Amino acid sequence: MTLDLQLIWAGLIAVAVLLYVTLDGFDLGIGILFPFAKSKEERDVMMNTIAPVWDGNETWLVLGGGGLLAAFPLAYSVLMPALYLPILLMLAGLILRGVAFEFRFRARNRGRKFWTQMFSGGSILTAVAQGLVLGGFIQGVTVREDRFAGGPFDWFTPYTLLVAAGLVAGYALLGGAWLMMKTKDNLHGDAKRWTSISSVVVTVLLVAVSVATLLIHPRVAARWGFDLGDGFALDASILTPLLPIPLLGLAGLALVWLMSRRGSHRWPFVGAILVFLSGYLGLAVGFAPYVVPYALDFRQAAAPDNALGLMLVGTVAILPLILAYTGWVYWVFRGKIDEEAGYHH
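Given the structure is predicted, the values throughout are model-derived calculations rather than measurements. (Residues numbered from 1 in each chain as written. Predicted model: local features only at pLDDT ≥ 70, side-chain atom pairs only at ≥ 80, totals over all residues. Heavy atoms only, no water.)

1. Things to note about helix H13 (residues 267-287)
For the record, the criterion: Secondary structure follows DSSP: runs of H or I at least 4 residues long count as helices, runs of E at least 2 residues long count as strands, and numbering of each begins at the N terminus. For a helix, the expected span equals 1.5 Å multiplied by the number of residues minus one. Burial here depends on accessible area, computed with a 1.4 Å probe over protein chains only, as a share of the maximum for the residue type. Under 20% is buried, over 50% is exposed, and the range in between is partly exposed.
When the terminal C-alpha atoms of H13 are compared, their 31 Å separation across 21 residues agrees well with the 30 Å that a helix rising 1.5 Å per residue should span. Of the positions making up H13, those classed as buried are Pro268, Phe269, Gly271, Ala272, Val275, Phe276, Ser278, Gly282, Gly286 and Phe287.

2. Some points on the packing of helix H2 (residues 40-50) against helix H9 (residues 185-216)
Our working definition: Helix axes are fitted only over the stretch in contact, all axes being lines through C-alpha atoms; the angle between N-to-C directions runs from 0 to 180 degrees. These descriptions rest on fixed angle ranges, namely under 35 degrees for roughly parallel, over 145 for roughly antiparallel, 65 to 115 for roughly perpendicular, and the rest for oblique. Contacts: residue pairs with any heavy atoms within 4.5 Å of one another. Throughout, the ten residues Ala, Val, Leu, Ile, Met, Phe, Trp, Tyr, Cys and Pro are labelled nonpolar, Asp, Glu, Lys and Arg are labelled charged, and all others, Gly among them, are labelled polar.
Across the interface, H2 lies against H9 with an axial gap of 11 Å and an inter-helix angle of 75 degrees. One way to sum up the angle between H2 and H9 is to call them roughly perpendicular. Side by side, H2 and H9 meet where Glu42, Val45 and Met46 of the first sit next to Asn186, Leu187, Asp190 and Trp194 of the second. For the contact of H2 with H9, the class distribution of residues is four nonpolar, one polar and two charged.

3. A word on the packing of H9 against helix H12 (residues 244-261)
How we decide: Two helices crossing with the near one rotated counterclockwise from the far one by less than a right angle form a left-handed crossing, whereas a clockwise rotation gives a right-handed crossing.
At a minimum axis distance of 9 Å, the contact between H9 and H12 shows a crossing angle of 160 degrees. What the angle tells us is that H9 and H12 run roughly antiparallel. The two elements H9 and H12 meet at a crossing, and its hand is left-handed. Taken together, the residues of H12 that come into contact with H9 (itself represented by Lys192, Thr195, Ser196, Ser199, Val200, Val202, Thr203 and Leu206) are Leu253, Val256, Trp257, Ser260 and Arg261.

4. Considerations on the packing of aromatic side chains
How we decide: Geometry of aromatic contacts follows a simple scheme: Phe, Tyr and Trp rings, the Trp one being its six-membered ring, pair when their centres are within 6.5 Å, and the pair is stacked under 30 degrees between planes, edge-to-face over 60, tilted otherwise. Geometrically, a lysine NZ or arginine CZ counts as sitting over a ring once it is within 6 Å of the ring centre and also within 35 degrees of the ring normal.
Summed over all chains, the structure comprises 16 aromatic pairs. When the centroid spacing of 5.5 Å and the interplanar angle of 75 degrees are considered together, the rings of Trp155 and Phe156 count as edge-to-face. Centroid distance Trp178 to Tyr330: 6.3 Å. Interplanar angle 85 degrees. Geometry classified as edge-to-face. Separated by 152 residues along the polypeptide, Trp178 in helix H8 (residues 158-182) and Tyr330 in helix H15 (residues 305-332) bring together distant segments of the chain. Joined through ring pairs, the aromatic side chains of Phe26, Trp178, Phe269 and Tyr330 make up one cluster. Sitting over the face of the ring of Trp331, Arg334 holds its NZ or CZ atom 3.8 Å from the ring centroid.

Next comes the structure, spelled out in structure tokens:
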């Protein structure tokens, strides 16, 4: 039996991106929520909840971005010039956040305040930049003869700003839900409030982004059964089988709202994960099998099979080790964090 290497690599990169968004998402959410913490001690606890795992969570960004370059070089050569500026902003934010994370625990007084602001600023910058990248990808890039043929600021539109706002709110939701699971006492109460507010903001922005996507992308609308041409028409035979995807997102939001109001410790985080999973599946419906929306599919953009096969051998050897180590770290550092216990103590 011959392996479909192109499909396998498309699946690997898709899973890596999903893992990055959900895992590093709550890390970024902590930084986004930093300005709302009441004291230095609360911020110390917030950082200690992610200290053992934050750098490991970024592994999946390396696999997603590096895998795109190695496995689908044509797609990489089109998307990178189209999105250079927001990607550079994202990398700057990630670097700033990483430096601030380590320096903050060793700084004193004024320096500690500075690195606190840099950690929050780096997290917000990264989230906004990722939202601009996502928005730029969804709205599409101009491609001629398998090359990017647009301008350097095509990605900067009201639609991409809306997507960026939605992603920032989504990361704040993940961060608040994570804190509900990892903290107690007053900080748990603060996290409960942040999660409830974030869930409302996410609901509003998710609806706005969904409607805007259908309006700016007729082919996406058609995949969901909507015809927005001269009038309005709905093909129920197309929409009905896809309804479980938005219903999954609604169920996740309901779970977040109800369980956070009750002060649950774990269920809000589960609900937040379901919201992101629903959004990711919705994107898959709208764009699969294209890696450059409606210009290049994953088979057109793939590297030769001998290169894909060679890379797959290394991935099969390394990926289980990464998964095992990640699971072990989360298991070792399970449980609640308070002011007396932490990774940096």
